[in-house]
Amino acid sequence: MHRRSFLQTGSAAVGALTLAGCTTATTPRPRIAFDPTVVLHPMRADNARILKVTVCTRPFRAAGPRLELERVGDKIVVHNYGHGGSGWSLSWGYANLAVEQALATGQRDLAVLGCGALGLTAALTAQRNGAHVTIYAKDLPAETRSANATGTWSPDSRVALQSAVTPAFEQRWESIARSSFRTHLSLLGVEGAPVEWVDRYILSDEPWNAPNDPTDGPDFAELRHLIRGLAPQLQEVEPGTHPFPVPYVKRNASLQFNVTSLQHRLVQDFLAAGGKIERREFHAPSELAKLKQKTIINCTGYGARALWRDESVIPVRGQLTWLLPQAEVRYGVIYHDMIAIPRSDGIIVQRDTEATGFNNPDTTPDRAEAERAVASLAELMGKMRTS
Ligand SMILES: Cc1cc2nc3c(=O)[nH]c(=O)nc-3n(C[C@H](O)[C@H](O)[C@H](O)COP(=O)(O)OP(=O)(O)OC[C@H]3O[C@@H](n4cnc5c(N)ncnc54)[C@H](O)[C@@H]3O)c2cc1C
């Protein structure tokens, strides 16, 4: 995949880069010198440190996430699925809207289907609005697709096709992104650091205003400009002052989700508020008749494709390589098509390839690809100045 297209569409890079407007020729920004007191400990990129390789499918819908009411027998179902590569990022904002619709049915005893990012946040939001909630799910948090997300603020990653973007879509997305962001910030400083700010460096061999390479994937919606200023802007770092082996570097602080800790926190909060979680698989919407709750929020993610026979949900495959965590590493890097971020549960290394990921339901880990990702990181770290 071309460098530029990753920068535009990669789940993590896209936000930071389009946020700063670096994919378009804009007024030059002043450069900052690299702060010499900042120590960037090298990430130890070595195959022997690979903890695991995970693959999951982003639940992409060309039209954007499905948020609407449907009657199924005597139940009312509020659908809340299909958030592509933005599920964690947009979860709270979608939860607000889904819960509003669910409570408008007059019911206070709600069922939530699914225990991933969307299910947990919808369930907590419903509780905070006075509902009694039971989550029903085939997979519990550690087993969900959400558990295998990169864990970065990426609210417009593969969230829709550009052709679906209307002014109404933009307005809703902006409002959801802003309210989600506010709720994520409320988790800063919480024990276990479920959410935190981490410095991120974006590296390039070419000047930022070099012409864009043609993209090799679908024309995903680009929406970041709508929330410019919400997160810290990227700043260009003066060449020669930084330790990276490339001439062009940008830096900002990036909002990161330590997914293991975040899920744990959400589950604990949900249970502490009297919520119940029951493992249960549904094979057809008609099986919802067995539930005692009359109003159900459907947060089954990619699972909605089979459960609801909804072929508008398209799998977008993504693989993560988990290296042993390094507490001393407090920065992330993006270089070519590779991103590495320092989560508390591991250093996550990812190479994003739209060419092979889109419409690919295969969740078999590709060890050779994982080792290539680690080799890219090792090469970069090997050439970094360490003092
Ligand atoms: C490699 C990768 C990196 C990503 N990185 C990021 C990122 O950095 N930031 C970000 O915001 N997003 C990211 N995403 C996207 C994010 O992971 C998804 O949008 C999100 O996980 C979707 O959450 P969900 O709750 O809808 O689905 P899921 O996590 O899949 O949860 C669905 C739940 O529904 C249950 N379920 C499904 N079917 C049934 C059934 N028939 N019966 C009973 N229960 C059922 C499941 O068991 C599960 O509990 C990434 C995705 C991938 C693949």
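Residues numbered from 1 in each chain as written. Predicted model: local features only at pLDDT ≥ 70, side-chain atom pairs only at ≥ 80, totals over all residues. Heavy atoms only, no water.

The protein is annotated in an unreviewed UniProt entry as D-amino-acid oxidase of Roseiterribacter gracilis. A UniProt comment under Sequence similarities (unreviewed entry) is attached to the protein, and it reads "Belongs to the DAMOX/DASOX family." In the Cofactor (unreviewed entry) part of its UniProt record, the protein is described as follows: "FAD". (UniProt positions renumbered as here; feature names shortened; annotations may be inferred.)

Chemist: So what's going on with the site of the ligand? Which residues, and what values?
Modeler: By nearness alone, 38 residues border the ligand, and Cys56, Gly84, Ser89, Asp139 and Ser146 come closest of all. Between the ligand and Cys115, the relevant distance is 2.9 Å, taken from an oxygen atom to a main-chain nitrogen or oxygen of the residue. Between Leu118 and the ligand, the recorded distance is 3.0 Å, taken from a backbone N or O atom to an oxygen atom. Calculation on the ligand without its partners gives an accessible area of 1000 Å², and the protein chains cover 98% of this total. (Near = heavy atom within 4 Å. Polar contact = N/O pair within 3.5 Å; in protein donor to acceptor, adjacent residues only side chain to side chain. Areas by Shrake-Rupley, 256 points an atom, 1.4 Å probe, with all protein chains shown as cover.)

Chemist: I'd like a rundown of the nonpolar core, residues and numbers included.
Modeler: The biggest cluster of nonpolar side chains holds 50 residues, and the ones touching the most others in it are Ile135, Trp173, Leu223, Phe257 and Ile297. Elements represented by at least two residues in this core include exactly α3 (87–103), β4 (109–113), α4 (117–128), β5 (132–137), α5 (167–185), β8 (248–257) and α6 (259–272). At nine residues, the largest contribution of residues to this core is made by α3. Here Ile297 is in contact with Val78, Asn80, Ala98, Val99, Ala102, Leu110, Ala111, Val112, Leu113 and Ala122, once residues within four sequence places are set aside. Counting residues in hydrophobic clusters, the runner-up holds 28 residues, among them Ile50, Met338, Ala340 and Met384. (Core = buried A, V, L, I, M, F, W, Y, C linked by side-chain atoms within 4.5 Å. Buried < 20%, exposed > 50% of the residue type's maximum accessible area, 1.4 Å probe, protein only. Helix = DSSP H or I, 4+ residues; strand = E, 2+ residues; numbered from the N terminus. Contact = heavy atoms within 4.5 Å.)

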